[in-house]
Amino acid sequence: MKNIRDPFVDTPEGFHLAIENTLSKLEDKQMNGKVKWPALLIAAVLVTIAATGFAAAGLVKGMVDWDGNLTPYEDSMVPNPTPAPKPVPEADGEDRRALVQRMHDMLIYVPDLEYWEATTDTHGSGRYGQYTSRYYDMPSFLSAISGFVDLNLSVPEGYSLLDAELVYDLEKIQKNLYSEETYDEITLRKYRISPPTDEMRDGYGMRLAGDGDKYISVHVFVYPSLEEVVNRTGTFYVDEDDQYTALAMEGYERALLFERGEGTTLIELIRLTDDGRAFTVSLHGSAGVLKEEMLAVLNLEAE
């Protein structure tokens, strides 16, 4: 099944703390599976959840695929019957919420280069400590991603780099269990993880700040082929106020421009390399950022 994404992910100042606070209240089981979300991208999961709610409320115009084709959202005139939920004693609900909160409390402070997981018979949460370097100047960051992808990145005039980081394939990172303790029904396992290598790189993200509240975020991920990237990344939600256009960009297999009524802009691109790999490039600009400024990050001009 393809993923469906909201193309407008806001990342205002202080969003890292807000996301951490929100995620601490969610039940997530990310102990297995390929994760392609750096800290710079994690807000997307919350927006995707919100977009799903918008679709259910009939506020979404439809979904746009990588070729720029719109599939209108159809709101059924006949509501589906909703089965009555089974009654749950209030005490059980309170106990469950308390249990989940205790599990997340155990994972608040995970040391660098460690992975902790808290599990019960029915719940599981895992969290990594910092395992990749953050970069605050372009020369260091460009050196770190050298040889990974052939993008020509630069900082547009009037902008500066806020931060950047690499993303790694977590399935390939070696974890060594060094502690396992049980607190009532919760088992807390602690792993030391080996520093990731260049061969494990999965992508990267960076944020650029301009005057006032203007910012541009850039996220790049690698896939083995064009077919894989189209199947995995799916389609994009658009609502009645959004404008979307398929662009022709030299050197890119696909390019989409989304402009939202409130002024935010997203440019999604796919680039193929000589060895057949496919890279997705997401450029997100806050209100007031021109698409020309965003494309300047890749040293591109709109055709």
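Below, the structure is looked at part by part.

Each value, and the rule that gives it
- Residues numbered from 1 in each chain as written.
- Predicted model: local features only at pLDDT ≥ 70, side-chain atom pairs only at ≥ 80, totals over all residues.
- Heavy atoms only, no water.
- Helix = DSSP H or I, 4+ residues; strand = E, 2+ residues; numbered from the N terminus.
- Buried < 20%, exposed > 50% of the residue type's maximum accessible area, 1.4 Å probe, protein only.
- Contact = heavy atoms within 4.5 Å.
- Areas by Shrake-Rupley, 256 points an atom, 1.4 Å probe, with all protein chains shown as cover.
- Core = buried A, V, L, I, M, F, W, Y, C linked by side-chain atoms within 4.5 Å.
- Phe/Tyr/Trp six-rings, centres within 6.5 Å; stacked < 30°, edge-to-face > 60°.
- Lys NZ or Arg CZ within 6 Å of the ring centre and 35° of its normal.

## Focus: the overall build of the protein
A count of helices and strands for the protein gives 6 helices and 16 strands. With 303 residues in all, the protein has 45% of them scored as buried. Look at the contacts in the protein between residues 6 or more apart in sequence, and 65% of them connect residues 24 or more apart. For the protein, the accessible surface area stands at approximately 16,400 Å², while carbon and sulfur atoms represent 50% of it.

## Let's talk about the nonpolar core
Nonpolar side chains in soluble globular proteins tend to be buried together. With 44 residues, the main nonpolar core has Tyr-204, Met-206 and Leu-269 as its most contacted residues. Those residues in contact with Tyr-204 that lie beyond four places of it in its chain are Phe-141, Ile-145, Phe-148, Val-149, Leu-151, Leu-153, Glu-165, Leu-166, Val-167, Val-218, His-219 and Val-220. Membership of the second largest hydrophobic core comes to 13 residues, among which are Trp-66, Leu-256, Phe-258 and Ala-278.

## Regarding the packing of aromatic side chains
Taken as a whole and judged by the stated rule, the model has 10 aromatic pairs. Seen from their ring centres, Tyr-115 and Tyr-128 are 4.5 Å apart, and the 40 degrees between their planes marks the pair as tilted. Of this pair, Tyr-115 sits in strand E4 (residues 114–119) while Tyr-128 sits in strand E5 (residues 124–128), placing them 13 residues apart in sequence. There is no split in this pair, since Tyr-115 and Tyr-128 are both buried. Between Phe-148 and Tyr-204 the ring centres are 6.1 Å apart and the planes differ by 65 degrees, which places this aromatic pair in the edge-to-face class. Taken together, the positions of Phe-148 in the loop between helix H4 (138–144) and strand E7 (160–168) and Tyr-204 in strand E10 (residues 201–209) put the pair 56 residues apart, joining distant regions of the chain. The ring of Tyr-115 is capped by Lys-175, whose NZ or CZ atom sits 5.4 Å from the centre of that ring. Its guanidinium or amino end placed over the ring of Tyr-252, Arg-271 lies 5.3 Å from that ring's centre, counting from NZ or CZ.

Function cannot be inferred from these measures alone, as they are strictly geometric.
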